[in-house]
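Chain residues, written in single-letter form:
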Amino acid sequence: MMMRLTRHPIDLTEILAEVQGPERGGTSVFLGTVRSDDGVTAIDYSAYDQMALEEIERILGEARTRWSDARITLRHRLGVIPAGEASIAIAAAAPHRDEAFSACRYVIEEVKKRLPIWKKEMYADGTTTWTDDQRHARPTTR
Amino acid sequence: MGKVSVRFFARYAELAGCDSSAVSVSMPATVADVIAKVRDLFPGTQAMPARPLAALNRHQVKLDAPVGDGDEVALLPPISGG
């Protein structure tokens, strides 16, 4: 099985090769990259790996049922990812662009709702904060 | 009594002071009963919301889901993947 979760930079060539083919005329790629909001220099991503892997396969299975001519793949990077680098890549290829865009959009929206993955923002001064921690708008721990 | 393994992730692991543990609960029990026991044993987890996201054997469930001996309950902070 391919490595859906990786601790290395995402290789776009590799994921395109998994979905493209002469019978699929449209390929849609979504890349999510770490944003440098409010001095964020990197984000440390952690996951419940086994559950995330199972949930990814469920989401991809749903998309394949819905767009049966599409080929869809996904990578999520974990660990410390510097601002500007990709944390997630989704590629969907289908005979026509409508299915490719729709399948790609479906997968990223479900990932956002369902994958057990968490972000800790890291700042230049060495402080960090969990993005789900509502008590603090800014750094909490050193 | 049944033994349920418990896993903590991300901020909740920091609150608990560990990644995993096991708790004993009297059966029949629900995920909510396991969480109540966790709040007793790991006081830091009292800072979790009243109704945290939970997974039973790697599937997200509601807190009234029944648990059995040997099950795994994972406590999940709000999901922020992507």
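These numbers were taken from a predicted model, which means no experiment stands behind them. (Residues numbered from 1 in each chain as written. Chains lettered and ligands numbered in written order. Predicted model: local features only at pLDDT ≥ 70, side-chain atom pairs only at ≥ 80, totals over all residues.)

## Examining the overall build of chain A
In terms of helices and strands, chain A carries three helices and eight strands. Helices and strands appear in chain A in the N-to-C order β-α-β-β-α-β-β-β-α-β-β. Taken across its 142 residues, chain A has 36% of its residues classed as buried. Considering only intrachain contacts with a sequence separation of at least 6, the fraction spanning at least 24 residues in chain A is 73%. (Helix = DSSP H or I, 4+ residues; strand = E, 2+ residues; numbered from the N terminus. Buried ≥ 20, exposed ≤ 12 C-beta atoms within 10 Å, placed from the backbone. Contact = placed C-beta atoms within 7 Å.)

## Thoughts on the environment of G39 of chain A
Residues and elements named next belong to chain A. Following the sequence through the fold, G39 ends up in the loop between β2 (26-33) and β3 (40-47). Taking the number of C-beta atoms within 10 Å as the measure of exposure, G39 has 14 and is therefore partly exposed. Considered as a pair, G39 and A83 are 44 residues apart in the sequence and their alpha carbons are 9.7 Å apart. Filtering out sequence-adjacent residues up to four positions away, G39 remains in contact with Y123 and A124.

## Considerations on the confidence of the model for chain A
Detail in the predicted coordinates should be disregarded across regions flagged by low pLDDT. Confidence in the prediction of chain A, expressed as mean pLDDT, is 92, and 92% of residues score 70 or more. Considering only residues more than four positions removed or in separate chains, one finds that residues 138-142 of chain A, a stretch of pLDDT under 50, has 11 contacts. (pLDDT = per-residue confidence, 0-100.)

## Brief notes about the sheet that holds strand β1 (residues 2-8) of chain B
Residues and elements named next belong to chain B. Spatial ordering of the open sheet is given by β2-β1-β7-β4-β5, a layout of five strands whose pairing is mixed. The open sheet has two edge strands, β2 (20-25) and β5 (59-61), and neither has a second partner. Averaged over all pairs of adjacent strands, the angle between their axes in this sheet comes to 35°, without regard to strand direction. Two elements, strand β4 (residues 53-56) and strand β7 (residues 72-76), share four bridges in a ladder whose sense is antiparallel. In the sheet register, A55 faces β7, and the bridge partner there is A74. Helix α2 (residues 31-41) rests against β1, β2, β4, β5 and β7 of the sheet, and its axis sits at about 115° to β2. (Pairing = 2+ DSSP bridges. Axes fitted to C-alpha atoms, helices over the stretch in contact; angles between N-to-C directions.)

## Description of the packing of helix α2 (residues 49-66) of chain A against helix α3 (residues 97-114) of chain A
All names here are of chain A. Where α2 contacts α3, the two axes come as close as 10 Å, and the packing angle between them is 150°. One way to sum up the angle between α2 and α3 is to call them roughly antiparallel. Taken as a pair, α2 and α3 cross one another with a handedness that is right-handed. Where α2 approaches α3, its residues E55, I59, L60, A63 and R66 are matched on the opposing element by A103, Y106, V107, E110, V111 and R114. Across the contact of α2 with α3, the residue classes break down as seven nonpolar, no polar and four charged. (Parallel < 35°, antiparallel > 145°, perpendicular 65-115°, else oblique. Left-handed = near helix turned anticlockwise from the far one by under 90°. Nonpolar A, V, L, I, M, F, W, Y, C, P; charged D, E, K, R; others polar.)

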